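Remarks on the overall topology
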Amino acid sequence: MRKIKYILTIATIGIFHHSNAQVKKESWIKTNWNNMIAHYNIYFNAEQKLESCVSNLAKKHRDDFNSIIDVFPYGSEKESKSIKEPLETAMKKASKVIQNKPNSKWVDDAYFLIGQTQFFGMDYYSSIETFQFVNNSFKDEKTKALSQLWLMKSYIQQKKYDDAEAIYGMLKNSSIKYPSFTTQLNLAAGDLMVKQNKKNEAIELLSDGLTKLKDKKLKYRTHFVLGQIYLELGEFEKASTNFIKVLKLNAPYQYVFQANLGMAKSTASSNGQGAQKTRKYLKRMLDDNKNTEYFDQIYYELAKLEFKLDNESDGLLYMKQSARNSTKNQTQKTKTYLFLADYYFTKRQYPTAQAYYDSTIAEIPTDYPDVNGIKAKHAVLSRLIENIETIAIQDSLLALSNLDREVLDKKINKIVNELKEKKRLAAEEEAIRKDQEMLNNNSNSSIPTQNNSGGVWYFYNTSTVARGTNDFNRLWGRRPYGDFWRFINKNAMSNVLNGNDQSIEDEEPDSDINTYSISQDEEQSKALENVSADLKKYYEKIPFSQTAQLVAKKKIQTAYLDIGKVYFEDLKEDQKAKNNFSSLIEKYPQTEFKPEALFYLTKIALNMGDSIRANQLSIQISEEFPETIFNQVLNNKEIPEDNSEIEVLKIYQEMYLALQNEDFNKILQLKNLIDKNHAGNSIQDKIDYVYAQAIAKTKGRDAYISELESMKETYKGSSIGELSSYTLRLLQKPEEQSTNTKLFDDDFEGVFYYVITGITAVEKQVEIKINEFNNKTLGNIPLKVSNLIFGNRSLFYIKQFSMKSMAIKYHDEIKSNRQFLLDAGLSNVRHYPITENNFRKLISNKKEIEYMEQFKTTFIQ
């Protein structure tokens, strides 16, 4: 009807003006005809297509209710790709207005619609250009204001919040005041404030946006966001009010459930009988079949409620129920497992905690808060449990090796029969489980169970192989199967392969943990001669030979030492550390680790305030092990030179001096000398790093990259490996470096390192002194000290500090106690805190003076 009325109006006016000149009449009719065709034919179809795309995108949008949801349901990148073709169709239709009707008054609207198609297609760079073009090229104030609003939305999606806030500052003072525009502006600005964690500003803007909002979907979403914000602020009554409004708006069930859960949280946190009401409310939710897929979240909230009321037993029960019912929600699985892991960690039940950290790591999303800290704690506990298992297993195997052969055979046969029976029962249980799944179609995920590795028998420990594989990959990387896998450069073994190395022919079986092989142990092989093939796997790990028993005992000694270190350095459990170091010395008085164990026992005695015992242990180290590094640290005694390593150190110092003097050919000569006479030395990584710098200067970029690739793999996980990897990334993106006008970021937030540079020939001594200073000053914070070559200086970096305030505090401590660095042999000292990103830039550009200037003017304010 509107189209017919429009045509009749044009016709009537045309007849009325029939007396006008022919040219003028045709021009006026043609203009209005073009406007009508552009609007009701081409633009209308494009607009309908876009609205359909936006509606489909909103339906596919999935919210993460573990954090404050977005006000607008724009979907994900994957969901955006699913509407790519219809968006392109809408864009083409809008383009026809511009191409076919260039003088139409709908051209600006067509450009604006193209900008929207780019926005919903998540091509924000293009949408920004288009909206800027509309704002600068057309005069219609309404279109200009809308283009600025959507330009603001584009910046929000790009996380350019400062740019978005600047546009909002202009728009809120503009003359455009029609209701729908003001509503959309307030909602967009509220969304911006939520994303910047400006909760009070967000509440004001979103509340204003609700006053004349007609869109039902945006209404319940906005009320839900307000409920979440009030819940975080502790304004529980206002939170409940907004969640109730979500229910009244007949929102989809997932929002109804989450609103109910939000109300339960609000009630539980309020005064009076809130907790009792919440318990009843949550249990009623468990009785509703519609909530089946949300049972994990309900049990989780019930568990937290019981823990809050100091009902730990009920809390644990509900939390484990949450774990059993977690099937699809990865984030909820992570939260549940992590809660249990942290609970057992605080209770110092480390084996159980480690099992739950295992489950947490298996589920944790990459963007989960503090994911690196969780992984670090998991690594520490894994290391602890691995060593505990090593002691249990090796003790068990040694006990088996001492049995009479007839008794041992009977035990092995019994074990084999038990395993067969277990396998049969497991198969039956699996069949029953599958039948039950088919009946009720409700599979449950399992709670992690602690390995019963304390049961002494090696054969029952099914986790050992998997854990060993992970440990191997962490230490060595993923290496292809083959002989001499330990060697990156297989040519180094050419003499052995060609039979030119006669030294190993008469060599006794090696008792070293890492190199021992049963095939070279004649005594062990002989003990296994009469064992049938099907039983051999049960016997081959039992150390029958003297050499195999030495290897088993050394594994136990290493494990005791490592357990002590974990308890002392990572878990701060002095008594448990003391027990393990003491057990090591008591059980193996001649252990090679005795000086190190005594060293740690001395530190533990000092921590416990037992200075008399600490002095006794210090004297014992001085008398029994005068030539060790531990005696040097405790008693400030010089260590006599070790001829096997001192020559390498001398050559390395020559290489380092040659690098300072830019004598790169000499570095190459010295590297060849070390490879020929001192392969496998303890400072090979630093030698290779100096050599790589010489390669860069003498053989060019490609050779340098090749050398860095090799170092990246060889020293994977070490500071040299990380530095090589980072340098490679920089070399592969040279254009990005050239476009950056600023050497360093001004944003001094996030993770911090602390850098100390200077000139020294005794890097190890300086590193030890820094470690001692850290333990004395900040003993409760686990810090790691590493060092690198930094031009003609040595660079020591301490990581890491989670907050700026901690880094500043440490900086003040260093300034006050700077003398200890000079006493350690470090001259021309510079020191400063630095963010992780700026540290990487510093290593790349070596602009230390420039950073220090920026640090003085920007960092401390």
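Residues numbered from 1 in each chain as written. Predicted model: local features only at pLDDT ≥ 70, side-chain atom pairs only at ≥ 80, totals over all residues. Heavy atoms only, no water.

1. A closer look at the overall build of the protein chain
- Along the protein chain, the regular secondary structure elements total 40 helices and 4 strands.
- Taking all 861 residues of the protein chain together, 44% fall into the buried category.
- Of all intrachain contacts in the protein chain linking residues separated by at least 6 positions in sequence, the fraction that spans at least 24 positions is 62%.
- Counting every atom, the protein chain has about 47400 Å² of accessible surface; 49% of that belongs to carbon and sulfur. (Helix = DSSP H or I, 4+ residues; strand = E, 2+ residues; numbered from the N terminus. Buried < 20%, exposed > 50% of the residue type's maximum accessible area, 1.4 Å probe, protein only. Contact = heavy atoms within 4.5 Å. Areas by Shrake-Rupley, 256 points an atom, 1.4 Å probe, with all protein chains shown as cover.)

2. Describing the packing of aromatic side chains
- According to the stated counting rule, one finds 40 aromatic pairs in the structure shown.
- For the pair Tyr-343 and Tyr-344, a centre-to-centre distance of 5.1 Å together with 80° between the ring planes defines the contact as edge-to-face. As far as the burial class goes, Tyr-343 and Tyr-344 line up, both buried.
- Geometrically, the ring pair formed by Phe-773 and Phe-820 is stacked, given 4.6 Å between the ring centres and 10° between the ring planes. With a gap of 47 residues between them, Phe-773 in helix H36 (residues 763–777) and Phe-820 in helix H38 (residues 819–823) connect regions that are remote in the sequence.
- Looking at Phe-773, the relative accessible area reads 9%, which means it is buried.
- You can call Phe-820 buried: its relative accessible area is 17%.
- Put simply, the rings of Phe-72, Tyr-74, Phe-112, Phe-119, Phe-120, Tyr-124, Phe-131 and Trp-150 pair up and form one aromatic cluster. (Phe/Tyr/Trp six-rings, centres within 6.5 Å; stacked < 30°, edge-to-face > 60°.)

3. Section: the side chain of Gln-158
- Among the secondary structure elements, Gln-158 is positioned in the loop between helix H7 (141–157) and helix H8 (161–171).
- If we skip the residues at most four places from it in the chain, Gln-158 touches Tyr-124, Tyr-125 and Ile-128.

4. Notes on the packing of helix H27 (residues 594–607) against helix H28 (residues 611–624)
- Viewed as axis vectors pointing N to C, H27 and H28 meet at an angle of 160°, and their least axial separation amounts to 8 Å. Comparing their axes, H28 and H27 come out roughly antiparallel. Handedness of the H27/H28 crossing: left-handed. Residues Lys-594, Pro-595, Leu-598, Phe-599, Leu-601, Thr-602, Ala-605 and Leu-606 of H27 form the contact with H28, whose participating residues are Arg-613, Ala-614, Leu-617, Ser-618, Gln-620, Ile-621 and Glu-624.
- Among the residues making up the contact of H27 with H28, the classes are represented as 9 nonpolar, 3 polar and 3 charged. (Axes fitted to C-alpha atoms, helices over the stretch in contact; angles between N-to-C directions. Parallel < 35°, antiparallel > 145°, perpendicular 65-115°, else oblique. Left-handed = near helix turned anticlockwise from the far one by under 90°. Nonpolar A, V, L, I, M, F, W, Y, C, P; charged D, E, K, R; others polar.)

5. Some thoughts on the nonpolar core
- In this structure, Phe-120, Met-152, Leu-206, Val-225 and Ile-229 are the most contacted members of the largest nonpolar core, which totals 72 residues.
- Core analysis: the next-biggest nonpolar cluster, separate from the first, contains 65 residues, Phe-307, Leu-338, Ala-597 and Ile-621 among them. (Core = buried A, V, L, I, M, F, W, Y, C linked by side-chain atoms within 4.5 Å.)

6. With respect to the pattern of salt bridges
- Scanning all chains against the criterion turns up 25 salt bridges.
- Across the salt bridge formed by Arg-348 and Glu-573, the nearest N and O atoms sit 3.0 Å from each other. Linking Arg-348 in the loop between helix H17 (330–346) and helix H18 (350–363) with Glu-573 in the loop between helix H25 (546–570) and helix H26 (574–587), this pair joins segments that are 225 residues apart in sequence.
- Residue classification places Glu-573 among the buried residues on the basis of a relative accessible area of 6%.
- Across the pair Glu-848 and Arg-830 runs a salt bridge whose closest N-O atoms are separated by 2.7 Å. With Glu-848 in helix H40 (residues 848–859) and Arg-830 in strand S4 (residues 827–835), this pair connects stretches of sequence that are 18 residues apart.
- Of the residues examined, Glu-848 reaches a relative accessible area of 3% and is grouped as buried.
- Beyond isolated ion pairs, a larger network of salt bridges with shared partners links Asp-70, Asp-191 and Lys-195. (Salt bridge = Lys/Arg side-chain N within 4 Å of Asp/Glu carboxyl O.)

7. Some remarks on the packing of H7 against helix H9 (residues 179–195)
- One way to put it is that H7 packs onto H9 with a least axis distance of 11 Å and a crossing angle of 15°. As far as their axial angle goes, H9 and H7 are roughly parallel. For H7 against H9, the interelement crossing comes out left-handed. Residues Ala-145, Leu-146, Leu-149, Met-152, Lys-153 and Ile-156 of H7 pack against Phe-181, Gln-184, Leu-185, Ala-188, Ala-189, Asp-191, Leu-192 and Lys-195 of H9.
- Looking at side-chain class alone, the contact of H7 with H9 contains 10 nonpolar, 1 polar and 3 charged residues.

8. A few points about the sheet that holds strand S3 (residues 793–801)
- Spatial ordering of the open sheet is given by S2-S3-S1-S4, a layout of 4 strands whose pairing is antiparallel. Because the sheet does not close on itself, it has two edges, and the strands there are strand S2 (784–790) and S4. Between one strand axis and the next, the sheet turns through 20° on average, direction left out of account.
- Judged from the 7 bridges that link them, S2 and S3 form a sheet pairing that is antiparallel. Among the inter-strand pairings, Val-785 is bridged to a residue of S3, identified as Ile-798.
- Set on the sheet, H36 makes contact with strand S1 (752–759), S2 and S3; between it and S3 the angle comes to about 25°. (Pairing = 2+ DSSP bridges.)

9. Let's talk about the environment of Arg-324
- Within the secondary structure, Arg-324 is located in helix H16 (residues 312–325).
- Sequence-wise, Arg-324 and Thr-336 are 12 residues apart; in three dimensions their C-alpha atoms are separated by 9.9 Å.

10. Details of H25
- Taking 1.5 Å per residue as the helical rise, H25 with its 25 residues ought to reach 36 Å, and the 35 Å between its terminal C-alpha atoms agrees with that figure.
- Lys-572 lies just past H25 and shows a positive phi near 55°. (Expected span 1.5 Å × (residues − 1).)

11. Here's the deal with the side chain of Glu-763
- Note that Glu-763 resides in helix H36.
- For the buried residue Glu-763, which engages in no salt bridge, the nearest side chain bearing the opposite charge is Lys-686, 5.2 Å off.
- In terms of polar contacts, Glu-763 uses its side chain to reach the side chain of Ser-794, at 3.2 Å.
- Setting aside residues up to four positions removed in sequence, Glu-763 forms contacts with Tyr-652, Tyr-656, Lys-686, Asn-787, Ser-794 and Phe-796. (Lys, Arg positive; Asp, Glu negative; His and termini not counted. Polar contact = N/O pair within 3.5 Å; in protein donor to acceptor, adjacent residues only side chain to side chain.)

12. Description of the confidence of the model for the protein chain
- Mean pLDDT over the protein chain stands at 78; residues scoring 70 or higher make up 80%.
- Overall, residues 637–642 carries pLDDT values under 50, and its contacts beyond four positions in sequence, including any with other chains, amount to 9 contacts. (pLDDT = per-residue confidence, 0-100.)

13. Observations concerning the pairing of S1
- Of all 8 residues that make up S1, 7 are buried, and the element is covered over most of its length.
- Bridge count between S1 and S3: 7 bridges; the pairing is antiparallel. Note on S3: the bridge partner recorded for Phe-752 is Phe-801.
- One ladder, built from 7 bridges, connects S1 with S4; its direction is antiparallel.

14. As for the environment of Ser-67
- Within the fold, Ser-67 resides in the loop between helix H2 (22–60) and helix H3 (77–81).
- Along the primary structure Ser-67 and Val-225 are separated by 158 residues, whereas in three dimensions their C-alpha atoms are 9.7 Å apart.

15. A look at unusual backbone geometry
- The backbone phi angle of Met-122 is positive, close to 65°, even though this residue is not glycine.
- Tracing the chain through its elements places Met-122 in the loop between helix H5 (107–120) and helix H6 (124–137).
- You can call Met-122 partly exposed: its relative accessible area is 22%.
- Phi is positive for Lys-159, close to 65°, though the residue is something other than glycine.

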